[in-house]
Amino acid sequence: MKTDTVAARGSGAVRRALEAELRAARVRGVEQPSVVDVGGGSGGWAVPFASAGCLVTVVEPNPNALATLRRRAEEEGVSHRITVIADDSDALGAHVAAGSADLVLAHGLLEVVDDPAVALAALAAAVAPGGALSVLVANRNAAVLHRALAGRIAEAQRLLGGADGVVPGGRDTVLRRFDSAGLTDLLVAAGLDVTLLQGDRVISDVVPGEVREDELAEFELAAAAVPALRDVAGRLHAIARPAQV
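Here the structure is a predicted model, which means the values were calculated and not measured. (Residues numbered from 1 in each chain as written. Predicted model: local features only at pLDDT ≥ 70, side-chain atom pairs only at ≥ 80, totals over all residues. Heavy atoms only, no water.)

(A) Geometry of the side chain of Glu155. Tracing the chain through its elements places Glu155 in helix H7 (residues 153–161). At 3.0 Å, the side chain of Glu155 forms a polar contact with the side chain of Arg152. Once you skip the residues sitting within four places of it in the chain, Glu155 turns out to touch Arg147 and Val167. (Helix = DSSP H or I, 4+ residues; strand = E, 2+ residues; numbered from the N terminus. Polar contact = N/O pair within 3.5 Å; in protein donor to acceptor, adjacent residues only side chain to side chain. Contact = heavy atoms within 4.5 Å.)

The following block contains the structure:
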């Protein structure tokens, strides 16, 4: 199967960027692109990539998520294209050879690892020549704005001034959030060139439910690359590549 369609969760802008990476890999002569999904959870991205003809390695420690991943893969008939590594992201280098992945996914990962810089170094090392790293993270500005618009002004204020974009003493389920500048600086410090920085879910988390899905999807595609809108999107999406020496 050589289709480059990745019908996974996330905005059309994210899918479009990842599909472009698949096409680029095939232009380089890679018949079955290698995708490594670190913190891949229940297979929301892994199964569609496998369905698109990729060989996918999922690094995920949660047994419940892996059970769902295996069930999804069996239902879609792509189990043979997915390798499961039941381990933490810290063990990536022990399981994935350096320079072996055409595309590495770190979606929802940097918010929860102990040290984002250490994690990024391992992720970058796994990328093959010509390949890319896809990073999707929670946006600090969006979290502040959504709380303020909901009337939770004191919490928004604490989040705005809190270290790492979390509410001090709150019930956040993440360790940190990012803004565009902070994410870019972190990627560059890891020896990566950021070739794309866009928004994901610019308004999808706050728009009224009666909005037509096709209109919302069209707007999200257009808004993702507009800097002012990107910087208040629910998530930030970056494509980065090992810097050329």
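That shown, we press on.
(B) Highlighting a negative patch on the surface. Together, Asp88, Asp90, Asp114 and Asp115 line one region of the surface with negative charge. Summarising the element assignment, Asp88 is placed in the loop between strand E3 (82–85) and helix H4 (92–95). (Patch = residues over 30% accessible without salt bridge, like charges linked within 9 Å, V, L, I, M, F, W, Y side chains within 5 Å. Areas by Shrake-Rupley, 256 points an atom, 1.4 Å probe, with all protein chains shown as cover. Salt bridge = Lys/Arg side-chain N within 4 Å of Asp/Glu carboxyl O. Lys, Arg positive; Asp, Glu negative; His and termini not counted. Charge placed at Lys NZ, Arg CZ, Asp CG, Glu CD.)

(C) Region of the structure containing the environment of Ala224. Mapping Ala224 onto the fold places it in the loop between helix H9 (213–223) and helix H10 (227–230). In sequence terms Ala224 and Arg201 are 23 residues apart; their C-alpha atoms lie 8.0 Å from each other. Contact partners of Ala224, with chain neighbours within four places excluded, come to Ala13, Gln198, Gly199, Val202 and Arg230.

(D) Representation of the sheet that holds strand E5 (residues 127–138). Strand order across the open sheet formed by seven strands is E3-E2-E1-E4-E5-E7-E6, with mixed pairing between neighbours. Taken across any chain shown, the strands that pair with only one partner, and hence form the sheet edges, are E3 and strand E6 (192–200). Direction aside, the axes of adjacent strands within the sheet are offset by 15° on average. As defined by bridge partners, strand E4 (residues 101–107) adjoins E5 across six bridges and the pair is classed as parallel. Opposite Leu105, over in E5, you have Ser134 as the bridge partner. Packed onto the sheet, helix H1 (residues 12–27) meets E4, E5, E6 and strand E7 (235–242) and runs at close to 20° relative to E7. Across the sheet, helix H3 (residues 63–76) touches strand E2 (55–59) and E3, and the angle it forms with E3 is around 170°. (Pairing = 2+ DSSP bridges. Axes fitted to C-alpha atoms, helices over the stretch in contact; angles between N-to-C directions.)

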